[in-house]
Amino acid sequence: MTTGAWAAVDDERVVPALGGLIDGTGMWRPGALASIERTGRFLTGRWDPPGPEGGGEGKGKGEDGPGIAGEGSWARFIGRIGAVALRAAVASTRPERRERLLALLEMWAESPFADPVARLRTGIVVTERLAVRDGRGAAVSVGWSREGRRRFVELRTGDAEPPSLGEIEEAREVPRGWGSPEQLRRLVALVRERGPAPWDREAVALLMDGTGMGRAVASLALAGMVSLSYRPLLDADERATLRLKTAEAEDAHSELARVGPAERLELLADVLPEDPAELWEPGGMRPVAERLAEAWRARYGRRTMVPERTFGAVVEMRPFPLTAGRFCAAFTDPAGEPTLRADLDTWLRRTDYGCSAADERWQIVRFEELLSGAVRNLPWIYAELPAGDPVRDGVPGFVGLIGERLNHPELLLDAGYFRHGENEPITALREVFGGRPYAGPERLDVATVDDGLTVGAEGAIDRRGYRNATRLYFRPAFYGDDERSKRLSAASATGVGRRELDAVEWLRGPVCARIVERIESASLPAGAYESNPAASAPALVARVADALGVDEDAAAFHLQLLALPAPTDRNVRTWNGWKAARHQKAAATLVERGLVIEDKRPRAGRQVFLPGEWIHAKKPYQPMEAWKAELIGLRRSYNLRLENPLPLPTRTLPELFAHAWSLVEKGEGPA
């Protein structure tokens, strides 16, 4: 393809087509393909700069090179162009993006970057020059200057050392992977003649089995490592091809965000077959999936396979800030989580927004994500996943490992905002926690206190002259029932900032211990749910049935309506293993006895309700009966709606069912 033939697609749409495979997408402009093509021709002596007075071909006055495409990360495509080729070939790529990828591949096939015998190097050079060339070879700056350093590409054409742009700090020979000129031309021709290679769900299944990925992540990986920068995100046609819901696609995007562009290229560089025509053969994508799985395992290992139903339920639950994959892995492979394998030494570090807990590699952020995303949703695992599920079975191991890390004396966590009333922050801090200042490895320019458990840091004054909020931090190894702990708990304001303190307190409490004991003891048969009182509290169900004069199905359903926050029709049928007719019969019995009422209510997902006040809620919060909200300790927001997350439980589910029924027996039930 000549420059004129592909100039029409050398526009702003090149960036989303390459999203996830390049860096600095905001620096890419129309004409990037032309700059790459000129770079190749300059290196081989087939293009000459217009000179310092030129400024042709989109160049600025005074430049002496072929121009910079984006920020230069395209140079990583050398020897790894197979990643671009896979994305161009698969059926899920939308047409306008496929055209730009094919244009790049056609141009690449005619460049020295695809030549298997070209003597190429890339690296970092200290220079402000853009290009140099003589009889020995040529070198071109392909990135913008950063403190005088630039990325470069070099081609040697003679036996002697080629000319240099400056002092070379780093240089490496380029890899030699899939993507010879013949392979590239053949793949492009096949796509244009036959259309994209057929999508194969069996190939996705192979990648899942080989890596432990969820289906959505495996789909995006096999589609060319689609990423968050592949914007706009998957459209309806792409999701239909991959068979993904919007929530699944978004979670998979977030999961793959940990894989940087350079790693994506490495993973996909050599997954295509030697003969691209094999992609169009029956099952042609399956060897691609197997090679990708092998490359993934070599870099990241293999996660425990999670049932697709479980994975889908976690996606729906949205365990922010964790992705579904990392959430499941925290329980199925807790020893594989870096922040659970070894203790973290953390200290206070001054930032633009005040102080924060820090460590050498900022692993504290990952650890805090586990406390926020995994611990907060551990009760969901216990209640919503069946006995024998690998995520549920992994709860004891996770609790044990995170407990070990919390016992490390040098771990410092956020405890939220300090409630100091009208007093000066540092005066109030000293009144509560004493006058000894915090002494860490980094100097702080704010007043602090440290009583051994709690560290308090006065808020810094920002550029507008306002003082940021005073914050508290704590060493979980020393948190317990002593007076220091009571002072900390009383001084820490309620709200989002206190979640780590609440999570630690709950993890060490009796309810978490009893949940772990129930899971370890295999108190339920495989496949049964704790949310089904017929399985988790059969004696109580029999007692309720006898007291109400109903069968055990109706008694079990009544207990679920009394105690569970979301007894939707779908949930109840899943937990109880019921078909619709059995569920409807149990509901009709309760209606006939006047124990529940029939109604239609927004976002309820059911048709029967406890009598009494109903509290509305918008997503993601769950509407429910006021009596039940009080039972489980759920607070209303300022507008009397339910706009707070579910609190960590104070009872196991059998205990909660029993407590709810005891209130009914005492005449304190819903009315």
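Residues numbered from 1 in each chain as written. Predicted model: local features only at pLDDT ≥ 70, side-chain atom pairs only at ≥ 80, totals over all residues. Heavy atoms only, no water.

1. So, the overall build of the protein
- On a plain count of helices and strands, the protein comes out with 30 helices and 15 strands.
- Referenced to the eigenvectors of the C-alpha coordinate spread, the extents of the protein come out at roughly 95 × 70 × 40 Å.
- Burial statistics for the protein: of 671 residues in total, 54% are counted as buried.
- Contacts spanning at least 24 positions in sequence make up 67% of the contacts within the protein whose residues lie at least 6 apart.
- Carbon and sulfur atoms form 49% of the exposed surface of the protein, whose accessible area is close to 29,500 Å². (Helix = DSSP H or I, 4+ residues; strand = E, 2+ residues; numbered from the N terminus. Buried < 20%, exposed > 50% of the residue type's maximum accessible area, 1.4 Å probe, protein only. Contact = heavy atoms within 4.5 Å. Areas by Shrake-Rupley, 256 points an atom, 1.4 Å probe, with all protein chains shown as cover.)

2. Looking at the packing of helix 19 (residues 395-406) against helix 23 (residues 510-520)
- Running from N to C, helix 19 and helix 23 cross one another at 140°; their axes reach a closest spacing of 9 Å. Taken together, the axes of helix 19 and helix 23 are oblique relative to one another. Taken together, the residues of helix 23 that come into contact with helix 19 (itself represented by Val395, Pro396 and Val399) are Cys512, Val516, Ile519 and Glu520.
- Tallied by class, residues from the contact of helix 19 with helix 23 come to 6 nonpolar, no polar and 1 charged. (Axes fitted to C-alpha atoms, helices over the stretch in contact; angles between N-to-C directions. Parallel < 35°, antiparallel > 145°, perpendicular 65-115°, else oblique. Nonpolar A, V, L, I, M, F, W, Y, C, P; charged D, E, K, R; others polar.)

3. Remarks on the packing of helix 25 (residues 538-548) against helix 30 (residues 653-665)
- Contact geometry of helix 25 with helix 30 gives a least axis separation of 11 Å together with a crossing angle of 20°. Put simply, helix 25 runs roughly parallel to helix 30. Pair helix 25 / helix 30 crosses with left-handed handedness. Along its contact with helix 25, which presents Leu540, Arg543, Val544, Ala547 and Leu548, the element helix 30 presents Phe657, Ala658, Trp661 and Glu665.
- Considering only residue class, the contact of helix 25 with helix 30 consists of 7 nonpolar, no polar and 2 charged. (Left-handed = near helix turned anticlockwise from the far one by under 90°.)

4. Regarding the confidence of the model for the protein
- For the protein, the average pLDDT comes to 91, and 95% of its residues sit at 70 or higher.
- Note on residues 52-63: pLDDT is under 50 here. Beyond four places in sequence and across chains, it has 18 contacts. (pLDDT = per-residue confidence, 0-100.)

5. Observations concerning the side chain of Gln560
- As for its placement among the helices and strands, Gln560 is situated in helix 26 (residues 552-563).
- According to the relative accessible area criterion, Gln560 is buried, its value standing at 0%.
- At 2.8 Å, the side chain of Gln560 forms a polar contact with the side chain of Asn576.
- Ignoring anything within four residues of it in the chain, the contact list for Gln560 reads Ser531, Asn532, Pro533, Pro567, Val572, Trp575, Asn576, Lys628 and Phe657. (Polar contact = N/O pair within 3.5 Å; in protein donor to acceptor, adjacent residues only side chain to side chain.)

6. Here's the deal with unusual backbone geometry
- Following Phe320, the chain continues to Pro321 via a peptide bond in cis, the omega torsion being 10°.
- Relative to the elements of secondary structure, Pro321 occurs in the loop between helix 13 (308-317) and helix 14 (324-332).
- Positive phi outside glycine occurs at Trp362, with the angle close to 55°.
- Note that Trp362 resides in the loop between strand 7 (354-358) and helix 16 (363-375).

7. Focus: the sheet that holds strand 9 (residues 448-450)
- Taken in spatial order, the 4 strands make up an open sheet running 8-11-10-9, and their pairing is antiparallel. At either end of the open sheet lies a strand with only one pairing partner, and these are strand 8 (413-417) and strand 9. Averaged over all pairs of adjacent strands, the angle between strand axes in this sheet comes to 20°, irrespective of strand direction.
- With 4 bridges connecting them, strand 10 (residues 454-457) and strand 11 (residues 471-474) associate as antiparallel partners. Note that in strand 11 the partner of Thr454 across the bridge is Phe474.
- Contacting strand 9, strand 10 and strand 11, helix 20 (residues 425-433) crosses the sheet at an angle of about 5° to strand 9.
- Seen against the sheet, helix 22 (residues 499-507) touches strand 8 and strand 11 and runs at an angle of roughly 120° to strand 8. (Pairing = 2+ DSSP bridges.)

8. Quick word on the pattern of salt bridges
- For the structure shown, the criterion picks out 48 salt bridges.
- Two residues, Arg121 and Glu161, come together in a salt bridge whose shortest N-O distance is 3.7 Å. Highlighted residues: Arg121 in strand 1 (residues 119-126) and Glu161 in the loop between strand 4 (149-156) and strand 5 (167-173), separated in sequence by 40 residues.
- A relative accessible area of 16% means that Arg121 is categorised as buried.
- For Glu161, a relative accessible area of 45% puts it in the partly exposed group.
- Residues Arg136 and Asp134 are paired through a salt bridge, measuring 2.7 Å at the closest nitrogen-oxygen approach.
- With a relative accessible area of 34%, Arg136 lands in the partly exposed category. (Salt bridge = Lys/Arg side-chain N within 4 Å of Asp/Glu carboxyl O.)

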